Amino acid sequence: MPEQGPRMNVFSLGELCWLFCCPPCPSRIAAKLAFLPPEPTYSVHTDPQGASSLHLTERADWQYSQRELDAVEVFNTRSSRGNRVGCMFVRCAPNSRYTLLFSHGNAVDLGQMCSFYIGLGSRINCNVFSYDYSGYGVSSGKPSEKNLYADIEAAWQVLRNKYGVTPENIILYGQSIGTVPTVDLAARYEVAAVILHSPLMSGLRVAFPDTRKTYCFDAFPSIDKVSKVASPVLVIHGTEDEVIDFSHGLAMYERCPRAVEPLWVEGAGHNDIELYAQYLERLKQFITVELPAS
């Protein structure tokens, strides 16, 4: 899969002093540190009858047949901030109890992720609903922290109202930068479960590892929200993550009131956890065995 970590710039001493003495607003920090939307790898075509279809470019790296493509539904919705939000529903497991509301990582869009969604959903017996952040894929607007929260709220409302999926059948899955809107939503709604894959505590804590508190100008302060998550939480992190240090996953795990046994993947980095056998094994155990009893 393509690089999915937040982009973190290296600041000089002078820039660091300026940052803390004359801090910009959080949205500017977020834009500077994290967002890296790729060139869109898909488009959504609507026929005269109003039916939408997915068209992929070569960069999407589609791995399946037309039959699987026909099981992918795409359309647009609107966020509370007025942006068009591209949405995708992948019917991997028609008889599944659960649907993942998946918030993907950085530097990818739905076109690049849809093959992964089909493979993941079919292996863990879950449908997958996903969306693109503002400025990614076919979604309009610009990436920002506020838009990130509005985007996932719009996706949540579509999954609840259009598809009728109830909160007890929704698993929120966030990867890398996608853990930020996932934690924000999970702090406000109780769901079946939450999966945090390579989570970050906050933007400044990634850029400056010695940061020990949340400043008013910090971006993505998930570490201050995760304690409000009332749902069971599975944290997954690679011990050799070169983008978001393993200490972030550990700290997030320790703050979760209902954390389950985490998955620390020994030797894994930021973009290869899915290649380790224990990744799917842990997800299956969590979803099929631990959740019904939780």
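What comes next concerns the included structure. Note that the structure is a prediction, hence the values are computed from the model and not measured.

Reading the values: the criteria
Sequence order sets the numbering: in each chain, residues are counted from 1 along the sequence as written. Restriction of local features to residues with pLDDT of at least 70 applies here, the model being predicted, together with a cutoff of 80 or more for giving and counting side-chain atom pairs; totals for whole chains, interfaces and linings are based on all residues. Note that the side-chain values use all heavy atoms of the structure and ignore hydrogens as well as water. Segments assigned H or I by DSSP are reported as helices when at least four residues long, segments assigned E as strands when at least two residues long, and all are numbered from the N terminus. With a 1.4 Å probe rolled over the protein chains alone, any residue whose accessible area is under 20% of its type maximum counts as buried; one over 50% counts as exposed, and the rest are partly exposed. Contacts between residues were defined by any pair of non-hydrogen atoms, one from each residue, lying within 4.5 Å. Exposure was quantified through the Shrake-Rupley algorithm and a 1.4 Å probe, taking into account, for residues, occlusion by the shown protein chains and nothing else. Pairing between two strands requires that DSSP report at least two bridges joining them. Interaxial angles span 0 to 180 degrees and are taken between N-to-C directions of axes, which are lines fitted to C-alpha atoms, for helices over the stretch in contact. Between the rings of Phe, Tyr and Trp (Trp by its six-membered ring), a pair exists once the centres lie within 6.5 Å; its type follows the angle of the planes, with under 30 degrees stacked, over 60 edge-to-face, and the other angles tilted. Put simply, a nonpolar core is a bunch of buried Ala, Val, Leu, Ile, Met, Phe, Trp, Tyr and Cys residues held in one set by side-chain atoms that sit within 4.5 Å of each other. Handedness of a helix crossing follows the sense of rotation of the near helix relative to the far helix, less than a right angle counterclockwise being left-handed and clockwise being right-handed. Following the grouping adopted for this structure description, the nonpolar residues are Ala, Val, Leu, Ile, Met, Phe, Trp, Tyr, Cys and Pro, the charged ones are Asp, Glu, Lys and Arg, and the polar ones are all others, Gly among them.

### Focus: the overall build of the protein chain
Helix and strand counts for the protein chain stand at nine helices and ten strands. Residues classed as buried in the protein chain amount to 56% of the 294 residues present. Put simply, of all contacts in the protein chain between residues at least 6 apart along the chain, 70% involve residues at least 24 apart. As presented, the protein chain carries roughly 12500 Å² of accessible surface, and 50% of it is formed by carbon and sulfur atoms.

### Considerations on the sheet that holds strand β3 (residues 72–78)
Strand order in this open sheet of eight strands is β3-β4-β6-β5-β7-β8-β9-β10, and the pairing throughout is mixed. Every other strand in the sheet has two partners, leaving β3 and β10 (263–265) as the edge strands with one partner each. Neighbour-to-neighbour, the strand axes of the sheet open up by a mean angle of 15°, direction not taken into account. Bridge count for strand β8 (residues 193–197) against strand β9 (residues 233–238) is four bridges, and the pairing is parallel. Paired with Ile 195 across the strands is Leu 234, a residue of β9.

### Things to note about the packing of aromatic side chains
In the structure shown here, the tally under the stated rule is 16 aromatic pairs. Each ring, one from Phe 75 and one from Tyr 163, has its centre 6.3 Å from the other, and the planes form 40°; the classification is tilted. Placement of Phe 75 in strand β3 and of Tyr 163 in the loop between α5 (145–161) and β7 (170–175) is noted, with a sequence separation of 88 residues between them. Both residues of the pair, Phe 75 and Tyr 163, belong to the buried class. Here Phe 116 and Tyr 117 contribute two aromatic rings whose centre-to-centre distance is 6.3 Å and whose plane-to-plane angle is 55°, an arrangement assigned as tilted. Judged on exposure class, the residue Phe 116 and its partner Tyr 117 are both buried. By way of ring pairs, the aromatic residues Phe 75, Phe 89, Phe 129 and Tyr 163 are connected into one cluster.

### Topic: the nonpolar core
Inside soluble globular proteins, nonpolar side chains tend to come together where they are buried. Leu 101, Phe 129, Leu 172 and Phe 220 are the most contacted members of the largest nonpolar core, which totals 44 residues. Breaking this core down by element, the ones donating at least two residues are β4 (84–90), β6 (127–131), α5, β7, α6 (179–186), β8, β9 and α8 (246–255). The contacts of Phe 129, once residues within four sequence positions are left out, are Phe 75, Cys 87, Met 88, Phe 89, Thr 99, Leu 100, Leu 101, Phe 102, Ala 155, Val 158, Leu 159 and Tyr 163. In this structure, Val 90, Met 113, Val 138 and Val 260 belong to the second largest nonpolar core, which totals 40 residues.

### With respect to α8
Taken residue by residue, α8 has Phe 246, His 248, Gly 249, Ala 251 and Met 252 as its buried positions. Against the buried residues of α8 lie α6, β8, α7 (203–207), β9 and β10.

### Focus on the packing of α5 against α6
Between α5 and α6, the shortest axis-to-axis distance is 9 Å and the interhelical angle comes to 65°. Crossing handedness for the pair α5 and α6: right-handed. Counted together, Leu 148, Tyr 149, Ile 152, Glu 153 and Trp 156 of α5 and Val 180, Pro 181, Thr 182, Asp 184 and Leu 185 of α6 form the full contact between these two elements. Split by residue class, the contact of α5 with α6 holds seven nonpolar, one polar and two charged.

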